[in-house]
Amino acid sequence: METQFPMKQILNEDGVVVNSEYESQMTEELTKELYIKMLRARMFDRKSVNLQRQGRIGTYVPFEGQEAAQVGSSLVLEEGDWMFPTYRDHAATLTYGHSARNLFLYWKGYPMGCVPPEGKNIFPPAVPIASQLLHATGTAWAEQLKGTDRGSIVYFGDGATSEGDFHEGLNFASVYNAPVVFFNQNNGFAISVPMEKQMKSKTIAQKAVAYDIPGVRVDGNDIFVVYFETKKAMENARQGNGPTLIEAVTYRYGAHTTADDPSKYRDQEESKRRRETTDPLLRLERYLKNKGYFEEAWKTKVEEEITKEIEQAVEDMEAFGPAEPTDMFTHVFKKPTWSVQDQLDTFKAREKEEV
Amino acid sequence: MSTAVKTQKLTMVQAITDAMATMMREHDDVLVLGEDVGKNGGVFRATDGLEAEFGDKRVIDTPLAESGIIGTSIGLAMNGFRPIAEMQFLGFIYPAFNQIMTHASRIRSRTLGHFTVPMVIRAPFGAGVRAPEIHSDSVEALFTHMPGIKVVIPSNAYDAKGLLIASIEDPDPVLFLEPMRCYRSHKLEVPEEKYTVEIGKGARLQEGEDVTLIAWGAMVDVIKKAAKEIEEEEGVKCDVLDLRTLYPMDRDLISESVQKTGRAVIVHEAPGTGGVGNDVVSLINDTSFLHMRSPIKRVTGHDTPVPMCAIEDDYLPDANRVKHAIMETIRF
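Residues numbered from 1 in each chain as written. Chains lettered and ligands numbered in written order. Predicted model: local features only at pLDDT ≥ 70, side-chain atom pairs only at ≥ 80, totals over all residues. Heavy atoms only, no water.

Draft legend 1. Focus on the overall build of chain B. Within chain B one finds 12 helices and 14 strands. Taking 332 residues into account, the globule formula puts the C-alpha radius of gyration at 20 Å, and chain B, at 20 Å, falls close to it. The principal-axis extent of the C-alpha atoms belonging to chain B is close to 60 × 50 × 45 Å. A burial count over chain B gives 62% of its 332 residues as buried. (Helix = DSSP H or I, 4+ residues; strand = E, 2+ residues; numbered from the N terminus. Rg over C-alpha atoms; globule rule 2.2 N^0.38 Å. Buried < 20%, exposed > 50% of the residue type's maximum accessible area, 1.4 Å probe, protein only.)

Below is the structure:
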């Protein structure tokens, strides 16, 4: 089966083009945009880990190492498309237009962090595993019924493919020919459980066979192959040709969350080695250098701009003021039921007393 | 000159079909989806004729997957449609519990109202129709305990149509439970036009001063029978309430009634422990404690799985058990 789903690659680890299919579209402009967006995601991620260490946000879920998979796939979305991320997909949500401030607010425990900017159909991070695949299918199906050419992209990890909802999502989308891209980030571990203990199948892409939809396996650390293959899948969906399952093989260097210790379940030397060999950002930097597009001064300028943006977002997060406890009551139903209203009134009365 | 409302005599299941058809004619965004709801018209014929009238794009036979039905309905609801998802039996809803609990019920609150889920989940439930194992569960309490979802249970044709239309119009998710025993047990005159019965409002079916009887779904017929018999046998006059909505519950109706009678018997076929009857007891404690003349009684199913049909009558509350409880409250 593995041989039927070879890992597609455009850029090898040395930043050399090994597949020229899309070379004419790999412009300097696109390459630099991809690089900037990956760098921005990485800097956001590192900032978040630091904020967590300083106690300025709560537990955080780092994604360093997975920037190419997330940035490359999300860049193909157009206004009105639907995005269903997990809690590890801030590179994707940032790229599609979520505000860094709201992402920080999310990890600070503010409900506002779940609210996307107007016009961006970004769902809050899926916390139960694989259930969001069905929402992506439902929203995409709705677009199809409305006769638009919008679609959904949904993110999930390797562990999610063991859940029933993974299979129900693919089956429903296949039956209704819904315009969905099922974007799997196979980072090798479901918290601590490695892929070979998760499933006997060697690839995730092959699971598409059962649903008679295309299954594509890509090098998830090669942003070009991610971008062009996702673009193709989304265009296919928009044209009414149904869903695609994409497996992006990638790696997370760090822990599952800031609350766990990866040294307990995997070789830390391997993670160090990966930073040198498969790192998505480094690979694109090598390509930029090979093409003569890269200058240190340019990178420094880009880094400065991103730092400014992130620092501003942190400042905005911290200036946001205390979370509004009454939010807990006011959005359960459009109109509160008497029990929610009673509890809100009691809560407010108690708050007043305490003051 | 008043214009007479045109009515037709319908069973409860026919009234449910009529409610869906009425709303589907009026609103293109109302969809029906579930297992066997299309050509077959549902295993109880609740969707009979809908596919013929509205086509298979609006009355959709889905794959056999409860989580899939609810999960995709959530997506449809968030993106402009008003899906009515049918669970073939409430006892089969467990695979979809995760979707309802972790998504449908809390998408509005998680996103501060940015995304909402205006959907209805319909499910036949309850024992007493000699259904196979698992088909007869009454697990309404799992959902009244779930913040963010309303739970509605009609017991007759008129209420069923009005409540289902109100549920479809509701901007939030509604679990609409249909007692199987009531589907064809009697017919009522049901207006042909659209009307609603307000969610959250119970009904007083009979006035009485001595004791308040409270039930929902198929148990409403049981308390009506008990009330009639106890009046004939003992001269006890019951105030008979059909709650119709379990969440939010009709606090005013319950309080007003028990403050008049000073006694209450609550009847449900679900197991007693953790049952909705306990919430009624709490509500009465909160609003009417000093009016009570005797402890509140509950008559419920047992804390056992609903047994196979050879012994299901031994599980279900009946008029005799209810009458016994009434006399205990009277003689306290």
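Following the structure, the description resumes.
Draft legend 2. Examining a negative patch on the surface more closely. Residues and elements named next belong to chain A. A surface patch of like charges, here negative, comprises E324, E351, E353 and E354. Assignment of secondary structure puts E353 in helix α13 (residues 338–354). On the accessibility criterion, E353 (66% relative accessible area) is exposed. (Patch = residues over 30% accessible without salt bridge, like charges linked within 9 Å, V, L, I, M, F, W, Y side chains within 5 Å. Areas by Shrake-Rupley, 256 points an atom, 1.4 Å probe, with all protein chains shown as cover. Salt bridge = Lys/Arg side-chain N within 4 Å of Asp/Glu carboxyl O. Lys, Arg positive; Asp, Glu negative; His and termini not counted. Charge placed at Lys NZ, Arg CZ, Asp CG, Glu CD.)

Draft legend 3. Fine view of the sheet that holds strand β2 (residues 30–34) of chain B. All names here are of chain B. Strand order in this open sheet of seven strands is β3-β2-β4-β5-β7-β6-β12, and the pairing throughout is mixed. Where the open sheet ends on each side, the last strands, each with one partner, are β3 (59–61) and β12 (245–247). Shown here is a sheet whose adjacent strand axes are inclined to one another by a mean of 20°, direction ignored. Bridge analysis of strand β6 (residues 150–152) against strand β7 (residues 174–179) gives three bridges, and the strand direction is parallel. (Pairing = 2+ DSSP bridges. Axes fitted to C-alpha atoms, helices over the stretch in contact; angles between N-to-C directions.)

Draft legend 4. Structural view of the UniProt feature "domain: Transketolase-like pyrimidine-binding" (unreviewed entry) in chain B. Here the UniProt feature "domain: Transketolase-like pyrimidine-binding" (unreviewed entry) sits at residues 10–185 of chain B. Secondary structure within residues 10–185 of chain B divides into 36% helix and 16% strand; the distance between the first and last C-alpha atoms comes to 11 Å. (UniProt positions renumbered as here; feature names shortened; annotations may be inferred.)

Draft legend 5. Molecular detail of the UniProt feature "domain: Dehydrogenase E1 component" (unreviewed entry) in chain A. The UniProt feature table records "domain: Dehydrogenase E1 component" (unreviewed entry) at residues 38–320 of chain A. Its end C-alpha atoms 27 Å apart, residues 38–320 of chain A is made of 47% helix and 12% strand.

Draft legend 6. Region of the structure containing the domain arrangement of chain A. The assigned domain composition of chain A is domain 1 (20–323) and domain 2 (324–355). Here domain 1 of chain A and domain 2 of chain A have C-alpha centroids that lie 37 Å from each other. (Domains from an automatic or database assignment.)

Draft legend 7. Region of the structure containing a nonpolar patch on the surface. Together, Y94, I134 and L142 of chain B give the surface a local cluster of nonpolar side chains, amounting to about 250 Å² of exposed area. As for its position among the elements, L142 of chain B is in helix α6 (residues 140–144).

Draft legend 8. Structural context of helix α9 (residues 251–261) of chain B. All names here are of chain B. L253, I254, S255, S257, V258 and T261 are the residues of α9 that are buried. On its buried side, α9 packs onto β9 (203–206), β10 (211–215), β11 (238–242), β13 (264–271) and α10 (276–288). Just downstream of α9 lies G262, where phi reads positive at about 75°. (Contact = heavy atoms within 4.5 Å.)

Draft legend 9. Expanded view of the confidence of the model for chain B. Across chain B, pLDDT averages 97, with 99% of residues at or above 70. For this predicted complex, the interface confidence reaches an ipTM of 0.93, while the overall pTM sits at 0.95. (pLDDT = per-residue confidence, 0-100.)

Draft legend 10. Expanded view of the interface of chain B and chain A. Taken residue by residue, the interface counts 44 residues in chain B and 43 residues in chain A. In total, chain B and chain A occlude about 3600 Å² of area from one another, counting both sides; carbon and sulfur atoms represent 68% of this. In terms of surface lost to chain A, no three residues of chain B exceed N79, R110 and L112 of chain B, which account for 20% of the buried area on that side. In this assembly, chain B and chain A are joined by one salt bridge. Per-element accounting of the side of chain B that touches chain A gives the leading share, 10 residues, to helix α3 (residues 66–78) of chain B. Classifying every residue of the side of chain B that touches chain A gives 20 nonpolar, 16 polar and eight charged. (Buried area = accessible area lost by both parts, 1.4 Å probe. Nonpolar A, V, L, I, M, F, W, Y, C, P; charged D, E, K, R; others polar.)

Draft legend 11. Highlighting the environment of F176 of chain B. Residue placement: F176 of chain B occurs in strand β7. Not counting residues up to four positions away in its chain, the partners in contact with F176 of chain B are I16, V120, I121, R122, A123, V152, P154, A160, L163, L164 and S167 of chain B.

Draft legend 12. Geometry of the pairing of β7 of chain B. Buried residues dominate β7 of chain B, accounting for six of its six residues. Taken together, β6 of chain B, helix α7 (residues 157–169) of chain B and β7 of chain B form a β-α-β motif whose crossover is right-handed. (Right-handed = clockwise from strand over helix to strand, strands pointing away.)

Draft legend 13. Focus on unusual backbone geometry. Y247 of chain B connects to P248 of chain B through a cis peptide bond whose omega is -5°. Tracing the backbone through its elements, the reader meets P248 of chain B in the loop between β12 and α9. Of note, N177 of chain A is a non-glycine position whose phi angle comes to about 55°, a positive value. Position of N177 of chain A among the secondary structure elements: in the loop between α6 (164–176) and β4 (180–186). Classification of N177 of chain A by relative accessible area gives partly exposed; the value is 31%.

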